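Observations on the model geometry
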Amino acid sequence: MLEVNPRASRTVPFVSKCIGHSLAKLAARCMAGKKLKDLGFTEEVIPRFVHVKESVFPFNKFIGVDPILGPEMKSTGEVMGVGETFGEAFSKASLGAGERLPQGGRAFLSVKDVDKAGVVDVGRNLVDLGFKLVATRGTARELLGAGVKCDQIDKVNEGRPDVSDMLKNEQIDLIINTTEGRQSIADSAVIRRLALQKKVCYTTTLTGGEAFCIAIRQGIGDQVTSLQQLHSALARGE
């Protein structure tokens, strides 16, 4: 049995804010018999700025929960970051969602096998940004083999001290941890819980790590622009 659910998702109001036109209002008028030509909406609107949507999660309200994502809905809303570049927009979106990207310190890296090749560039970028790296055995081997300096730390339950001890002692400022397989996900749950408890910025995808590097390098900037100003500029064709 298939469910037909004719509704607009939360992406629609996000896009509406980006382009300065209420898509829900336009759709309602079209359903009432109007044509897009009558409404003066016949050309694609391409914003000059970059807009990034960041989901907001309530994990900090539930002590002990594993803040890992799955197929079910867990977000309670989202924020939008706007900037001249992706890095600026992503930084603002992260800040709006309650995560301030660190500007230095120690980054912990532990990635699944399929991400091993890609972690080298991320590690090299983090070193260039002034971070010291610490990684689990397999990831450290990959980084050191490519000439990226890092220290090795045990995984959770592999020996002491392990990465959870470093988190408890507030010695980690950024986490990039990708996992696969039920056991690996279960073993890394303590890392995600401690990161949430200690307010350590973390990502569970390599793409997220790449975005962190871009955003940290470009910075958040000091330009603040209201939606009204953005929409006025779009209306003027700027």
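This one's a predicted model, so the numbers in the text were calculated from it and none came from an experiment. Along each chain, numbering runs from 1 in the same order as the chain's sequence is written. At least 70 in pLDDT is required for a residue's local features to be given in this predicted model, at least 80 for side-chain atom pairs to be given and counted, and no such filter applies to totals for whole chains, interfaces and linings, which use all residues. Just so you know, side-chain values use all the structure's heavy atoms and leave hydrogens and water out.

Quick notes on the pattern of salt bridges
- One speaks of a salt bridge when a side-chain nitrogen belonging to Lys or Arg is within 4 Å of a carboxyl oxygen belonging to Asp or Glu. Counted under the stated rule, the structure contains five salt bridges.
- Arg124 is the salt-bridge partner of Asp121, the closest N and O atoms lying 3.4 Å from each other. Remark: Arg124 and Asp121 occur in helix H4 (residues 116-128); sequence separation between them is three residues, near one turn of the helix.
- Relative accessibility under 20% of the residue-type maximum defines a buried residue, over 50% an exposed one, and the middle range a partly exposed one, all with a 1.4 Å probe and only protein chains included. Judged by its relative accessible area of 34%, Arg124 falls in the partly exposed class. A run of DSSP states H or I qualifies as a helix once it reaches four residues; a run of E qualifies as a strand once it reaches two. Both are numbered from the N-terminal end.

Topic: the packing of helix H3 (residues 86-96) against helix H9 (residues 206-218)
- Lines fitted to C-alpha atoms define the axes, with helix axes restricted to the stretch in contact, and inter-axis angles between N-to-C directions lie between 0 and 180 degrees. The N-to-C vectors of H3 and H9 enclose an angle of 100°; their axes lie 8 Å apart at closest approach. One way to sum up the angle between H3 and H9 is to call them roughly perpendicular. Each of Phe86, Gly87, Glu88, Phe90 and Ser91 in H3 lies in contact with H9, whose residues at this interface are Ala211, Phe212, Ile214, Ala215 and Gln218.
- The residue inventory of the contact of H3 with H9, partitioned by class, reads six nonpolar, three polar and one charged. Any angle that is under 35 degrees is reported as roughly parallel, and any over 145 degrees as roughly antiparallel; angles of 65 to 115 degrees are reported as roughly perpendicular and all others as oblique. Residue contacts are counted whenever heavy atoms from the two residues lie within 4.5 Å of one another. Charged means Asp, Glu, Lys or Arg here, nonpolar means Ala, Val, Leu, Ile, Met, Phe, Trp, Tyr, Cys or Pro, and polar covers whatever is left, Gly included.

Regarding the nonpolar core
- Buried Ala, Val, Leu, Ile, Met, Phe, Trp, Tyr and Cys residues form a nonpolar core when they are joined through side-chain atoms within 4.5 Å. By size, the foremost hydrophobic cluster in this structure holds 29 residues, and its most contacted members are Leu109, Leu126, Phe131 and Leu133.
- Looking at this core, the elements that each hand over two or more residues are H3, strand S3 (105-110), H4, strand S4 (131-135), helix H5 (137-145), strand S6 (174-177) and H9.
- Ranked by the residues each element gives to this core, the list is headed by H9, at six residues.
- The next biggest cluster of nonpolar side chains, apart from the first, holds 14 residues, and it includes Phe108, Val163, Leu167 and Ile191.

Some words on the environment of Gln218
- Summarising the element assignment, Gln218 is placed in helix H9.
- The class of Gln218 is partly exposed, set by a relative accessible area of 42%.
- For the pair Gln218 and Ala89, spaced 129 residues apart in sequence, the C-alpha separation works out to 9.9 Å.
- Not counting residues within four places of it along the chain, the set of residues in contact with Gln218 comprises Thr85, Phe86, Gly87 and Glu88.
- Under this definition, polar contacts are N or O atom pairs within 3.5 Å; protein pairs additionally need one hydrogen-donor-capable and one acceptor-capable atom, and for neighbouring residues in sequence, both atoms have to be side-chain atoms. Looking at Gln218, its side chain comes within polar contact range of the side chain of Thr85, at 2.6 Å.

Quick look at helix H8 (residues 189-198)
- Every buried residue of H8 is accounted for by Ala189, Ile191, Arg192, Leu194 and Ala195.
- Note on H8: the residue one or two positions beyond its end, Lys199, has a positive phi of about 60°.

Some points on the side chain of Thr178
- Relative to the helices and strands, Thr178 resides in the loop between S6 and helix H7 (182-187).
- Contact partners of Thr178, with chain neighbours within four places excluded, come to Ser110, Val111, Lys112, Asp115, Thr204, Thr205 and Leu206.

Considerations on the sheet that holds S4
- Here, strands pair whenever DSSP counts at least two bridges between them. Strands sit in the order S5-S4-S3-S6-S7 across an open sheet of five strands; the sheet is parallel. This sheet does not close on itself; its edge strands, each paired only once, are strand S5 (151-152) and strand S7 (201-203).
- By the bridge criterion, two bridges tie S4 to S5 in an arrangement that is parallel. The residue bridging Val134 from the neighbouring strand is Asp151, located in S5.
- Against the sheet, H5 makes contact with S3, S4 and S5, and its axis sits at roughly 130° relative to S4, the strand it touches most.

The quantities given are spatial measurements derived from coordinates; they are silent on function.
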